[in-house]
Amino acid sequence: MSKLRVVIANVCRLLLALTFILSGYVKAIDPLGTQYKITDYLAAIDLAAMVPQWTTLSAAVALAAIEFALGVFLLFAIKRQFTSRLTLAFMAVMTLITVWIYIADPVKDCGCFGDAFTLTNGETLLKNILLVLCAAVVAWRPSDMVRLISSSNQWLVMNYAVVYIIGTSLWCLYTLPTFDFRPYHIGVNIKQDMTVPEGAPQTEYETTFIMKKNGVTKEFTADNYPDSTWQFVDARTVVTKQGYEPPIHDFIIDSATTGEDITDSILSRPGYTFLLVAPSLARADDSNFGDIDQIYEYAQEHGAAFYCLTASTDKNIARWRDITGAEYPFCLSDETTLKTIIRSNPGLLLLKKGTIIGKWSHNLLPQTDELNAPLHQLSIGQMPQQSSTSSRILKVMLTFLLPLFLLSLADRLWAWSKWVRSKQKENNIFQIFKSKKKMRKKIVAGNWKMNLNLQDGVALAKEINEALVAEKPNCDVVICTPFIHLASVAQVLDSTVVGLGAENCADKEKGAYTGEVSAEMVKSTGAQYVILGHSERRQYYGETAEILKEKVDLALAHGLKVIFCCGETLEEREAEKQNEVVKAELAGSVFHLDAEAWKNIIIAYEPIWAIGTGKTATSDQAEEMLAYIRSIVAEKYGQEAAEDTSILYGGSCKASNAPELFSKPNIDGGLIGGASLKCADFKGIIDAWKK
Ligand code: 13P
C-alpha cells in the first residue's frame, strides 16, 4: 500500500513538475506576451488603466520564474515540504481564477502556456482541477517525493534554476522570444496563411428574431420568419458551427495618409519589404532610431519597400517623426495584431514576396556594416536555415542542463577537495594532538641521594636556580634532596622554574615513628614531589610493594606528585624478565590508583644494572621498556592517560647521552643521580631538550 502511495505521489509530482516547467518556460521566453495576458485579465476587472506597465511586466517575469522554479524544485524534489505547500497554494489560487474565467468568460484563452498551446476556459478548468488534486496528494506526504539530487547540492539547482529563468526572460525581452509560437513566425507567408482553402467548412450562424404582435412577443428563426403583421423588436446571432479559421485572420494594413487598404499590395510585392512594427509609438523605445533610419535609407537605395505599421494616432505619429526624423511611410493596423506580430516595440520584419524571412528586436537591428550589398546577396536576405523545433528544444535543454551538470560536477569536486582538506586538517590536528601528547611534561629530575651537606646543597640549588632563571629550560626541572635540605632549598628556588622534591617519605601518616618524615612534613617544606620506590630503597631498606603502596597513597593524599621508580636487576634482564618485573612493581604499588590520582604519577624506569655503574641502557633498550610501560599504563588507564603520563629514564644518564635518549618518542626525560650533583652537568642534561 505504501509503495503504491509513493508511486502515486511521484507520478503526481512529475506531472506537476513538467507542467510547471513547461508553462514557466513558455511564459519566460515571451514576457511581453505574458504581460499582455495579465493586462487582459486586469482589463476584465477594469483595473488595466490603474496598474503601471512596469508592474505587469515585472509580474510576468516573476510568474514565469515562480512556475519554472517550482517545476524544477518538484522535479528534483528540493525542499520538499516548502515546495509541495507552495505548489498547493499556487494551484489553489490558479484554480479559483480559472473557475472565474470559466464562469465569467473575461478572456478567451487563459494564457497558461503562452502561445505554445491554447486551451479553452473549460479545458483550463479541468486541467487545474487535476493539478490541484495532484498538488494535494504531493503536499499530503512531501517526503514520498524521491529526491533526484542530494540535499547538499540543492542550493545549486535552486539558485541556478532561478537565475536561468530570470536570465532567459531578460534575454528574450532584450531580443525576441526563443521560440515563436505565434502565426507570424519566420517562414510564414502571410497571404497564404490568410487564405481559406476551397471547400473548407464555413462557420454557421443562427439568428433569432424577436417579434411583437398585439402585445405578444415571440422568437422566430429564418425558417419560420413571420408575416409583416409582426413587428421586429430585436435579433440575436450565435455561431452554431465553427468553420475553418485561417491562422492569420486579422491582418489589415491601411495607409495612414489615404486610409486605403494596402494589405494586398504589400503582401504581393515581388521584392523585399521592411515592416517596422510599432504597436504604440507613444510607448515605443526610440533609442535605436538611428539604426532604423539607416535601414530605411538602405532600403531606398536597394529598391526595398519600407513601412512603419502602427496603431497610433496621427499625433503620436507626428511626434515620432519629430523625435526620430523618420521619413518612412506610416500605415495603420490593429494594435493586438501588431503586438502579436513581434514582441518588440518597435520591431523589424523583413518580408520577401509576403513571406517573413527575418525578425529583429529594436535592440539587435541589422547594422550598416552588415547591410553592405543588395539584400539578395546578403544572408539576411535569404530564408534562414531553420533548425528543426526538436533540435532547438534540445539546444535549450542543453543550455539549462549542461551548465547545471557542470556546476554539480564542480560542486562535487569542491566537496571532495573540501573533504580531502578536512581529512588533511584532521590528520594535522591528529599530528598536533599526537605532538601534544608528545607535549606531555618533559622532566629532568635530579636525585641527590645522600651526597651533599646542607650548605653545599643550598649552594648547588642556588646555582641551578640562577642558571635556569637566566636561561629558561625547555622542560620541567625538579631537584630531589635529602629531607634536611628541603626547607632551605625551597627558599632559594624559583618554584616556577625549578620544582623541589624529597627522596622518600614515611609509610605512615604520623605518630611515634622515630626518624621518619611524613608526606605531610615533606609537603610543608614547600616541596611538590617525592621519589618513591627507588631501587636503593627497595634493596637496602626493604621497601616492599605494599609499603610503597602506602607511601604512594600518603604522598598523593598530601598533594605531592610521585616520581615512582621501577626497574629490573641485571639477572632479571638477562633472564629477560624485565617486563614482568616492572609490571609487577607498578601493579603492586601504583596501579590501584584511580584515573584522577594517576595524573600525579610520574614513572621513572631505572634499570638497577645501570644505576651509578656508568653502564647506560642503550636508547633503544630504554625506549623499548618505556614503550612497554606506556602500553601497560594504557591497558590500565586507557590510551589517553598513557599518552599523558611522563615516563623518565634513569641510570648513568649524562649530558653526553641525554640527547640520544631524549630523542626517543617514549622517553620523556630523566631521573639523574650522579650528574645532578654539579650544576653544569645537570644543566647539560636539561639542555638536551633544546636540541
Ligand atoms: P645515576 O644517574 O647516578 O646512574 O643514578 C640514577 C639514579 O638512581 C637516579 O635516581
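Just so we're clear, the structure is a prediction, and the values are computed from it rather than from any experiment. (Residues numbered from 1 in each chain as written. Predicted model: local features only at pLDDT ≥ 70, side-chain atom pairs only at ≥ 80, totals over all residues. Heavy atoms only, no water.)

## Observations concerning the site of the ligand
Move 1: The local shell around the ligand holds 13 residues, among which H534, E606, G612, S652 and G674 are the closest.
Move 2: For the ligand, an oxygen atom lies 3.0 Å from a polar atom in the side chain of N447.
Move 3: A distance of 2.9 Å separates an oxygen atom of the ligand from a polar atom in the backbone of G674.
Move 4: Of the residues assigned to the shell around the ligand, the class counts are four nonpolar, seven polar and two charged. (Near = heavy atom within 4 Å. Polar contact = N/O pair within 3.5 Å; in protein donor to acceptor, adjacent residues only side chain to side chain. Nonpolar A, V, L, I, M, F, W, Y, C, P; charged D, E, K, R; others polar.)

## Digging into the state of the cysteines
Move 1: Per the stated rule, a full pass over the model turns up zero disulfides.
Move 2: A disulfide-free cysteine, C505 has its sulfur positioned 12 Å from the sulfur of C480, the nearest such atom. (Disulfide = S-S within 2.5 Å.)

## Description of the pattern of salt bridges
Move 1: Applying the stated rule across the entire model yields 27 salt bridges.
Move 2: We note a salt bridge from E643 to R440, for which the minimum N-O separation is 3.1 Å. Separated by 203 residues along the polypeptide, E643 in helix α22 (residues 639-644) and R440 in the loop between α12 (389-438) and β10 (443-447) bring together distant segments of the chain.
Move 3: Across the pair K599 and E596 runs a salt bridge, and its minimum N-O distance is 3.1 Å. Per residue, the accessibility class of K599 equals that of E596, and both read exposed.
Move 4: Residues joined in a network through salt bridges with shared partners are D30, D115, D180, R182, R343 and K359. (Salt bridge = Lys/Arg side-chain N within 4 Å of Asp/Glu carboxyl O. Helix = DSSP H or I, 4+ residues; strand = E, 2+ residues; numbered from the N terminus. Buried < 20%, exposed > 50% of the residue type's maximum accessible area, 1.4 Å probe, protein only.)

## Focus on the pairing of strand β9 (residues 355-361)
Move 1: The buried fraction of β9 amounts to seven of the seven residues, a majority that puts the element mostly inside the structure.
Move 2: Sheet topology note: the strand β8 (residues 347-352)/β9 ladder contains six bridges and is antiparallel. In the strand pairing of β9, L348 is matched with W360.
Move 3: Linking β8 to β9, which pair antiparallel, is a turn of two residues; within it K353 sits at a positive phi near 50 degrees. (Pairing = 2+ DSSP bridges.)

## Looking at the sheet that holds strand β2 (residues 216-220)
Move 1: The strand order β2-β1-β3 describes an open sheet built from three strands, whose pairing is antiparallel. Either end of the sheet is taken by a strand with one partner, and the two such strands are β2 and β3 (231-241). Neighbour-to-neighbour, the strand axes of the sheet open up by a mean angle of 20 degrees, direction not taken into account.
Move 2: One ladder, built from nine bridges, connects strand β1 (residues 204-213) with β3; its direction is antiparallel. Following the sheet pairing, T207 is matched in β3 by T237. (Axes fitted to C-alpha atoms, helices over the stretch in contact; angles between N-to-C directions.)

## Points about the sheet that holds β10
Move 1: One closed barrel holds the eight strands; their spatial order is β10-β11-β12-β13-β14-β15-β16-β17, and the pairing between them is parallel. Adjacent strand axes in the sheet meet at a mean angle of 25 degrees, parallel and antiparallel pairs treated alike.
Move 2: With two bridges joining them, strand β12 (residues 498-502) and strand β13 (residues 529-532) adopt parallel strand pairing. Within the sheet, the bridge partner assigned to A502 lies in β13 and is V530.

## Section: the environment of H185
Move 1: Turning to its location among the elements, H185 is positioned in the loop between α6 (154-174) and α7 (190-194).
Move 2: Residues H185 and A584, 399 residues apart in the sequence, show an inter-C-alpha distance of 98 Å.
Move 3: For H185, the residues in contact, after removing those within four places along its chain, are D180, I356 and K359. (Contact = heavy atoms within 4.5 Å.)

## Describing the side chain of R630
Move 1: Among the secondary structure elements, R630 is positioned in helix α21 (residues 619-637).
Move 2: The class for R630 is buried, based on a relative accessible area of 5%.
Move 3: Excluding anything up to four places from it in sequence, R630 contacts R440, A642, E643, T645, I647, N666 and D668.

## Some words on the nonpolar core
Move 1: Core analysis: the biggest nonpolar cluster contains 74 residues, and I479, L586, I629 and F662 have the highest contact counts within it.
Move 2: Sorting elements by how many residues they give to this core places α21 first, with nine residues.
Move 3: Ignoring sequence-local partners within four residues, the contact set of I629 consists of C566, V582, L586, I603, Y605 and I647.
Move 4: Formed by 29 residues, the second largest nonpolar core is a distinct cluster that contains Y298, A299, L348 and L350. (Core = buried A, V, L, I, M, F, W, Y, C linked by side-chain atoms within 4.5 Å.)

## Looking at the packing of aromatic side chains
Move 1: The full count for this structure, using the stated rule, is 24 aromatic pairs.
Move 2: Seen in terms of ring centroids, F274 and F306 are 6.1 Å apart; in terms of plane orientation they differ by 40 degrees. Their pairing is tilted. On the criterion of sequence distance, the pair formed by F274 in strand β5 (residues 272-278) and F306 in strand β6 (residues 305-310) is long-range, its members being 32 residues apart. Each member of the pair, F274 as well as F306, carries the same accessibility label: buried.
Move 3: A centroid spacing of 6.4 Å and a plane angle of 50 degrees characterise the contact between Y605 and Y649, whose relative ring orientation is tilted. Residue Y605 is found in strand β15 (residues 601-605), and its partner Y649 is found in strand β16 (residues 647-650); the two are separated by 44 residues along the sequence.
Move 4: Linked through ring pairs, F274, Y296, F306, Y328 and F330 together constitute an aromatic cluster.
Move 5: Lying across the ring of Y36, K339 places its NZ or CZ 4.5 Å from the centre.
Move 6: Here the basic side chain of R537 rests over the ring of Y541, its NZ or CZ set 4.3 Å away from the ring centre. (Phe/Tyr/Trp six-rings, centres within 6.5 Å; stacked < 30°, edge-to-face > 60°. Lys NZ or Arg CZ within 6 Å of the ring centre and 35° of its normal.)

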